[in-house]
Structure formats: structure tokens, C-alpha cells
Amino acid sequence: MSQEFGGRTGLQGKLTQWLRGRRPKEAADDSGREALLVAAVEAGLPLAPAAHPAPGYRCSCDRVGCPTPARHPVSFAWQTQSTTDRGQIERWARHQPQANFITATGMVHDVLDVPLDAGLEAMERLLASGIEVGPVAESSDGRLLFFTLTRGTPEDEDEWWPCELDCHPETADEHPGLRWHCRGSYVLVPPARLPGDGQDVHWVRGLEHPLPDPLSLLEVLTDACARHAGAEPDHVSTAWPLRG
């Protein structure tokens, strides 16, 4: 347990090595795609079809200069289209064999989306502290996605509260640090392919892990993001959710 890695020792360094080197078979094996999508809806994640990569680093939507190639839903009605119906997911997966899928956040789950290095550091700290982390996905564009319970749903409208970290598809570029995907947002659900050789979104911690309360992760995630951005933790004091 004395091995050093990136300035860390023992279990934490080994965890980082494992996460960076791990490439689950299902990420590269299309035969596991449908099973993973079914597992997602059985865990309660509402899904809808999304675009996929096209030759030449293009998007299957054929929009000239698509700003988010292979990362967006195929329908503008994705919020109402999103479903946990297994039969529908199986039909979509079979009829659209190249399609990625998005999961709509803010209904059952939220996603705390952070830069990869900050996310890896935070996950080490959380696991070492015995805090339940839940499912985590890695995107090859340098992000780590922490899946959590949602803060609110239409059924408890009066209890929902906004946060300055709330991120929507059109505001993602405004949140280079921590992005909180809740109502009106979505993320790609694994397995998903991104433009470029071997670029994808895959699980590093699967859906067998229960969804945690987002507040149990937030302090450690914001602290790690602040350090990796060269800022002091005090500079992200507005990250704490504020009741509206």
C-alpha cells in the first residue's frame, strides 16, 4: 500500500489508476448496448433517442455546424418523449441501432457533472470517507458524471429549489466547472459514442449502486473543482443551493 501515484499514496492512488485505465467491455461491445439501456430504465432513468456520430466528425442530425454533435436528442419533444417503458426502449434500440440515448434529469435523478480530474479526486475522497457515491459515468470529452437523486419533481413543486449551478443544454458552456443537471436538462446515458476514434460515455460505477442525495456529494465536488481551477474553496460559496 506504499505505491505512489500523482502525489497520492495507497488506496487512493490505486483507485485513480484503476479508473483511468478501466474500459468496461460493454463500452466497446455493441452487443451489450440494449442490456445496458434496459438496466437504466429498470433503475428508473427516463430515456429518449439521441443523435450519433457521422463520418467526418459530423452529427447524424446533418445540421451544418451542429454545436453538440452526437450529444443531443433527436426530438424537440424529448422531455415528454422520455420514458422508462422497457418495451419502448427495446423498440427504439433495435430500430435505431446507431442511436445514442439521453436521460432526462430532474424527474427521478439529477447529475452532477464535473471536470474529470476534479471528479476523480472527489470520488477518492468520498469513497475513502465511506460516503455512498452512486453510479458514475465518464465521458471522453473530459467529464465525470455523478448520478444522484433529484432535488424535486413536478409532484412536489413547492419543495423544489433552484441553484446557481443549475445547467441546461444551452448553458453548458457557461458552467466549465460543476454543472448541476436537473429540470429541463439531460445527459448522455452509457453506452454512448462520441465523434472521434474510441470516444464514448461509459460507466465507471454502475447502476447497481443506489442514487445518493446530491447534497452528500456537493461539498467535496465543489472543493475539488475549486482546487483544480486554481481557486480557493471560498470562491465557490454560491454553489450551495438556495431555496427560492
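For the structure, check the block above.
Residues numbered from 1 in each chain as written. Predicted model: local features only at pLDDT ≥ 70, side-chain atom pairs only at ≥ 80, totals over all residues. Heavy atoms only, no water.

1. Some remarks on the sheet that holds strand E6 (residues 100-104)
Part 1: Overall, antiparallel pairing links the three strands, which are arranged E3-E6-E12 in an open sheet. Since the sheet does not close on itself, it has two edges, and those belong to strand E3 (47-50) and strand E12 (186-188), each with one partner. Averaged over all pairs of adjacent strands, the angle between strand axes in this sheet comes to 35 degrees, irrespective of strand direction.
Part 2: Two strands pair when backbone bridges link them, and E3 and E6 are joined in this way by four bridges, in the antiparallel orientation. Along E6, the bridge assignment pairs Pro-49 with Phe-101.
Part 3: Along the sheet, helix H5 (residues 86-95) makes contact with E3 and E6, crossing E3 at roughly 10 degrees. (Pairing = 2+ DSSP bridges. Helix = DSSP H or I, 4+ residues; strand = E, 2+ residues; numbered from the N terminus. Axes fitted to C-alpha atoms, helices over the stretch in contact; angles between N-to-C directions. Contact = heavy atoms within 4.5 Å.)

2. Observations concerning the pairing of strand E14 (residues 200-205)
Part 1: The buried count for E14 comes to six of six residues, which makes it a mostly enclosed element.
Part 2: With four bridges joining them, strand E8 (residues 136-139) and E14 adopt antiparallel strand pairing. Each residue of the ladder has a partner; that of Ala-137, found in E14, is Trp-203.
Part 3: Hairpin remark: strand E13 (residues 192-193) followed by E14, antiparallel, with six residues in the connecting loop; positive phi at Gly-196, about 110 degrees. (Buried < 20%, exposed > 50% of the residue type's maximum accessible area, 1.4 Å probe, protein only.)

3. Topic: the pattern of salt bridges
Part 1: Inspection of every chain in the model, using the stated rule, returns ten salt bridges.
Part 2: A salt bridge links Arg-143 to Asp-113; the nearest nitrogen and oxygen atoms lie 2.7 Å apart. Within this pair, whereas Arg-143 is found in strand E9 (residues 143-149), its partner Asp-113 is found in strand E7 (residues 109-115), the two being separated by 30 residues in sequence. With respect to burial, Arg-143 and Asp-113 carry one shared label: buried.
Part 3: The shortest N-O distance in the salt bridge between Asp-223 and Arg-227 comes to 2.2 Å. Here Asp-223 and its partner Arg-227 are both found in helix H7 (residues 215-228), four residues apart, which amounts to about one turn of the helix.
Part 4: If you follow the salt bridges from partner to partner, you end up with Glu-121, Arg-125, Asp-223 and Arg-227 in one network. (Salt bridge = Lys/Arg side-chain N within 4 Å of Asp/Glu carboxyl O.)

Note that all results are geometric; they support no functional claim without further evidence.
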